[in-house]
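# Remarks on the overall topology
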Amino acid sequence: MGQRKCVKCGASLTDEDVMKIQKEDGSWEEIPLSICPDCFTKQMRQKARKNLRK
């Protein structure tokens, strides 16, 4: 993978910043994230707060 940056804050992303999904056949697929772990956490917290208000 080439040099990647977070689309929200511009932080450098590493090869470990991926989402791993296990397929039905038991193999794993790695999907590169476009945001850093900090921004991902913040985004999930905002969505959780929004859902609690409903």
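For the structure itself, look to the data block above.
Read on for a plain summary of the structure. (Residues numbered from 1 in each chain as written. Predicted model: local features only at pLDDT ≥ 70, side-chain atom pairs only at ≥ 80, totals over all residues. Heavy atoms only, no water.)

## A look at the side chain of R4
Locating R4 in the fold gives a position in strand β1 (residues 4-5). Within the local environment of R4, its side chain forms a polar contact with the backbone oxygen of D17, the two atoms lying 3.3 Å apart. With residues near it in sequence (within four places) discarded, R4 still touches A11, S12, L13, T14, D17, P32 and L33. (Helix = DSSP H or I, 4+ residues; strand = E, 2+ residues; numbered from the N terminus. Polar contact = N/O pair within 3.5 Å; in protein donor to acceptor, adjacent residues only side chain to side chain. Contact = heavy atoms within 4.5 Å.)

## Focus on the pattern of salt bridges
Within the structure shown, the criterion is met by 1 salt bridge. Note that K20 and E30 form a salt bridge whose closest N and O atoms lie 3.9 Å from each other. Here K20 is found in strand β3 (residues 18-22), whereas its partner E30 is found in strand β4 (residues 28-32), with 10 residues between them in sequence. (Salt bridge = Lys/Arg side-chain N within 4 Å of Asp/Glu carboxyl O.)

## Quick look at the state of the cysteines
Under the counting rule described, the total for this entry stands at 0 disulfides. For the unlinked cysteine C6, the closest cysteine sulfur is that of C9, found at 3.8 Å. Distance from the sulfur of C36, which forms no disulfide, to the nearest cysteine sulfur (C39) is 3.6 Å. (Disulfide = S-S within 2.5 Å.)

## With respect to the environment of M44
By the secondary structure assignment, M44 is in helix α1 (residues 37-53). Through-space distance from the C-alpha of M44 to that of E24 is 26 Å; in sequence the pair is 20 residues apart.

## Some details on the pairing of β3
Two elements, β3 and β4, share 5 bridges in a ladder whose sense is antiparallel. Bridged to K20 within β4 is E30. Counted between consecutive antiparallel strands, the loop separating β3 from β4 contains 5 residues, among which G26 sits at a positive phi close to 95°. (Pairing = 2+ DSSP bridges.)

## Overview of the nonpolar core
Nonpolar side chains in soluble globular proteins tend to be buried together. In this structure, C6, L13, I35, C36 and C39 together form the largest nonpolar core, which totals 5 residues. The contact partners of C39, leaving out residues within four places of it in the chain, are C6, K8 and C9. (Core = buried A, V, L, I, M, F, W, Y, C linked by side-chain atoms within 4.5 Å. Buried < 20%, exposed > 50% of the residue type's maximum accessible area, 1.4 Å probe, protein only.)

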